[in-house]
Amino acid sequence: MRRIITVTVINQSGVLNRVTGLLMKRQFNIESITVGHSEQPGMSKMTFIVHVEDEGKIEQLVKQLQKQIDVIKVNDITEKAIVMRELALVKVVAPPQARSEINSIVEPFRATIIDAGKNVVTYQVVGNPEKIEAFIDLVKPYGIKELSRTGATAFVRDMQKAPSPQLSILK
Amino acid sequence: MSAEVQTKQAVLEPMPTMEEQQTTRPADGSAVLIQALKDQGVEVIFGYPGGAVLPIYDALYKDPIPHVLARHEQGAIHAAEGYARVSGKPGVVIATSGPGATNLVTGITDAMMDSLPLVVFTGQVASSVIGTDAFQEADIIGITQPITKHNYQVRDVADLPRIIKEAFHIASTGRRGPVVVDIPKNVATEVFTTPESFDVEVDLPGYQPTTNPNYLQIQKAVHALTHAKKPLILAGAGILHAQAMDELQGFVEKHRIPVTNTLLGLGSIPGDHELFLGMAGMHGTYTANMALSECDVLLNIGARFDDRLTGNLNTFATNAKVIHIDIDPAEIGKNVPTEIPIVADAKEALKALLAADMYSPETEEWINALSEKTEDFPLWYKEDDSALLPQQAIQIIHRLTKGDAIVTTDVGQHQMWTAQYYALNNPDHWVTSGGLGTMGFGFPAAIGAQFAKPDARVVAIVGDAGFQMTAQELSLLQEFRIPVKVVILNNGALGMVRQWQETFYNERYSQSLIPVQPDFVKLAEAYDIKGYRIESPAEAEAVFAEALLSDEPVLIDCRVKQQENVYPMVAPGKGLHEMIGVSGE
């Protein structure tokens, strides 16, 4: 199953290598990984999505990451209320006669045109990975010349869902 | 004008006294390194010089720390491992860049697998040419990342004192392990202008090992043990690393709970203790393995449930509630589902268990049943008048050294026979390559062990094949007159490979027999070391008595029966309850 893990690390050279090397050594398949500065100086945040078949292995993954000296914090946020965004740049074959049709189709995705040529239009689309997926499926019939995705970045929402009242009555 | 002022000031300043001169801070990176090693109390360095570490060796010439020049970097690092295992302090290694560094890889991995503290300094080409495939350049940081607890490349000489402090701290605390510090040549010669950086405290927010157990978890463990009918303790090397032998023995005797050991945990309880069942695992005793299969509460202290110990996980300790004490949280639940996890140092956990208000479980029936198993199915071998058996050789060594020698081994048949037949009386007297199973480990490790305990009797029990991987270190015995006794159990084969081919590959001995051997006695003599050869049981007694009691280095070539196999055995993929070769019938 798909898990979303965030890792806070000390921003030192080689730290990304350390984390991905660990995942490789332990045979975890990374679907996407993003890294960037965090709000604290000297700290970076990574978000990665991994597919883990065995439920027990996710605990092992978190513990192994936690063991790294440069790793400050590891969170498996899969079950939490989160915000998650990915950005994709999609260069779509769009001859002038088809352009308005494509524009109207992609309109609900709030994709923006960031570049246009004689026969192509480059869209920027932001959202969770499923939305990006759906966008790509939609424009695929027109022909995708080039596609570049950033991978997802995420953190937990400030307000988490309150525990359901029925459950507390049952307790 | 300014020159004049300077001269005046210089005259005005009093000459530094001898004491002040000694506390003067070092002038360049190499001197900083030597000073920092001295501050860490380093007694001995195992190493090998080369281009990239020339400045470091020059500093060592001016400001010496005892240094052991091994004849191969692999010899140096295994010696450092032996030193670390016996002294409990980090073993220190220096090697040059490129080939020097890559020759350390086996030893680093070995130390990682067996949680031995090492601080390894590798030279690196100058920063300005890193990444250009310069002469003797290797990306040792990339290479060692998966096989170290942590590693550093020093970019600025001002960071050196901090990095060395952190390296020793990381290597020797929590779950111990190797730390690599890679020093580019220009950093080693760079002028050092920040003496205040020596005063930096270790501050690693991402590294806070838990040493004290959680009280509630201890209570749960106590509750489970109290109600157990067939409790069992599995004691691993964590007991030895934490120096928790007294606490373990105290707990075992207080509540009369039987104990078994992992291979690396041997010595954590005296080998002749009445509640000790022998080693468990692939070549463990029948009693220990049956106890693991039948126990209802299993208290694992400081062992990581290695696959050579557990056999087939689906049938491992199926009736048991598992309590696992480990300083490394990632080990708990990794291989075996654990009901009661306790993250702690073994000593602290055992102290808490001893202090807990615990009723002793009713175990006499269980202990009696296990004793009967030991009586019915002891370790066995069939004597052969025509040949010396390896087991006999080890029993003679055991008798003559009274179980008090420091024993080191490689991996393979000789290792398993030593584990079975050399019942250790003392902790910290067992140095073997467990997790990685490294041939060529035992002999150099014995040299390191002797440096850690100069007065101890150190016996390296090795196979003929493994010995030939690091035999060049005989030079060290010669040079330092280190009284290590090298016992080669020479069966002219890669014994364990031969055994597996006999058992699982229909006796197709593909590349496992060594028909032509060097004359090991002459080899010893070439290094000015006394050599003996034993070919029969009759000779063994007299030669061992003379050789083992000698104060000199000695090599004994024991020509043992080639066809002898290690029994009993759990075949790969089988469960512990399916042992073969349990009796000689």
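Structure report, in brief. (Residues numbered from 1 in each chain as written. Chains lettered and ligands numbered in written order. Predicted model: local features only at pLDDT ≥ 70, side-chain atom pairs only at ≥ 80, totals over all residues. Heavy atoms only, no water.)

### A word on the side chain of Thr438 of chain B
Residue and element names in this part refer to chain B.
Part 1: Looking at the secondary structure, you find Thr438 in the loop between β14 (430-432) and α20 (442-452).
Part 2: A polar contact is formed between the side chain of Thr438 and the side chain of Asp110, at a distance of 2.6 Å.
Part 3: Other than its neighbours up to four places away in sequence, Thr438 contacts Gln74, His78, Thr106, Asp110, Asp410, Val411 and Ser433. (Helix = DSSP H or I, 4+ residues; strand = E, 2+ residues; numbered from the N terminus. Polar contact = N/O pair within 3.5 Å; in protein donor to acceptor, adjacent residues only side chain to side chain. Contact = heavy atoms within 4.5 Å.)

### What about the environment of Phe480 of chain B?
Residues and elements named next belong to chain B.
Part 1: By the element assignment, Phe480 lies in helix α22 (residues 474-480).
Part 2: Taking C-alpha positions, Phe480 is 50 Å from Cys295, a pair spaced 185 residues apart along the chain.
Part 3: Excluding anything up to four places from it in sequence, Phe480 contacts His67, Val68 and Phe451.

### Focus: the packing of helix α11 (residues 215-226) of chain B against helix α16 (residues 346-355) of chain B
All names here are of chain B.
Part 1: At a closest axis distance of 10 Å, the pairing of α11 and α16 adopts a crossing angle of 60 degrees. Regarding the angle of α11 to α16, the classification is oblique. Considering the relative orientation of α11 and α16, their crossing is right-handed. Here α11 contributes Ile218, Ala221 and Val222 to the contact with α16, which in turn contributes Ala349, Ala352 and Leu353. (Axes fitted to C-alpha atoms, helices over the stretch in contact; angles between N-to-C directions. Parallel < 35°, antiparallel > 145°, perpendicular 65-115°, else oblique. Left-handed = near helix turned anticlockwise from the far one by under 90°.)

### Quick word on the pattern of salt bridges
Residue and element names in this part refer to chain A.
Part 1: Taken as a whole, this structure holds 35 salt bridges over all chains when the rule is applied.
Part 2: Taking the shortest distance from any N to any O, the salt bridge between Glu55 and Arg3 comes out at 4.0 Å. One end of the pair, Glu55, is in helix α2 (residues 55-67); the other, Arg3, is in strand β1 (residues 2-10), and 52 residues separate them in sequence.
Part 3: A relative accessible area of 48% means that Glu55 is categorised as partly exposed. (Salt bridge = Lys/Arg side-chain N within 4 Å of Asp/Glu carboxyl O. Buried < 20%, exposed > 50% of the residue type's maximum accessible area, 1.4 Å probe, protein only.)

### Overview of the sheet that holds strand β13 (residues 406-409) of chain B
All names here are of chain B.
Part 1: On the basis of which strands lie adjacent, the open sheet formed by six strands has the order β14-β13-β15-β16-β18-β17 and parallel pairing. One side of each edge strand has no neighbouring strand; the edge strands of this open sheet are β14 and β17 (530-534). For this sheet, the mean inter-axis angle between neighbouring strands, taken without regard to orientation, is 15 degrees.
Part 2: Two strands pair when backbone bridges link them, and strand β16 (residues 485-490) and strand β18 (residues 554-559) are joined in this way by six bridges, in the parallel orientation. Paired with Ile488 across the bridge in β18 is Asp557.
Part 3: Strands in contact with helix α18 (residues 390-401) are β15 (458-463) and β16; relative to β16, the strand with the most contacts, it is inclined by about 160 degrees. (Pairing = 2+ DSSP bridges.)

### Concerning the nonpolar core
One broad trend across soluble globular proteins is that nonpolar side chains are buried collectively.
All names here are of chain B.
Part 1: One finds Phe544 and Ile556 to be the most contacted residues of the largest nonpolar core, which totals 72 residues.
Part 2: Those residues in contact with Phe544, other than ones at most four positions away along the chain, are Ala393, Ile396, Ile397, Leu400, Val487, Ile534, Leu549, Ile556 and Cys558.
Part 3: Listed in part, the 47 residues of the second largest apolar core include Val180, Ala456, Ala460 and Ala471. (Core = buried A, V, L, I, M, F, W, Y, C linked by side-chain atoms within 4.5 Å.)

### A closer look at the side chain of His429 of chain B
Residue and element names in this part refer to chain B.
Part 1: Mapped onto the fold, His429 is located in the loop between α19 (413-421) and β14.
Part 2: Among the polar contacts listed, one links the side chain of His429 to the backbone oxygen of Pro427, at a separation of 3.0 Å.
Part 3: Every residue in contact with His429, bar those within four places of it in the chain, is listed here: Asp404, Ala405, Ile406, Val407, Leu424 and Lys453.

### So, the sheet that holds β1 of chain A
All names here are of chain A.
Part 1: In space, the four strands of this open sheet follow the order β2-β3-β1-β4, with antiparallel pairing throughout. Two strands bound the open sheet, and with one partner strand each, they are β2 (29-37) and β4 (71-76). Between one strand axis and the next, the sheet turns through 15 degrees on average, direction left out of account.
Part 2: One ladder, built from five bridges, connects β1 with β4; its direction is antiparallel. The residue bridging Val9 from the neighbouring strand is Val71, located in β4.
Part 3: Contacting β1, β2, β3 (43-51) and β4, helix α1 (residues 15-25) runs over the sheet at an angle of about 20 degrees to β3.

### Observations regarding the interface of chain B and chain A
Part 1: In this assembly, 17 residues from chain B lie in contact with 17 residues from chain A.
Part 2: Taken together, both faces of the contact between chain B and chain A bury some 1,400 Å²; the carbon and sulfur share is 49%.
Part 3: Linking chain B to chain A there are one salt bridge.
Part 4: Here chain B and chain A share eight residue pairs in polar contact (both at pLDDT 80 or more) between them.
Part 5: Here the side of chain B that touches chain A is built from residues that sort into eight nonpolar, four polar and five charged. (Buried area = accessible area lost by both parts, 1.4 Å probe. Nonpolar A, V, L, I, M, F, W, Y, C, P; charged D, E, K, R; others polar.)

### Observations concerning the pairing of strand β7 (residues 231-235) of chain B
All names here are of chain B.
Part 1: For β7, a buried count of five out of five residues is recorded, marking the element as mostly surrounded by other parts of the structure.
Part 2: Judged by which residues are buried, β7 turns out to be covered on both faces: Pro231, Ile233 and Ala235 on one side and Leu232 and Leu234 on the other are all buried.
Part 3: Of the pairings in the sheet, the one linking β7 to strand β10 (residues 297-301) comprises five bridges and is parallel in character. Considered in β10, the bridge of Leu234 is made with Asn300.

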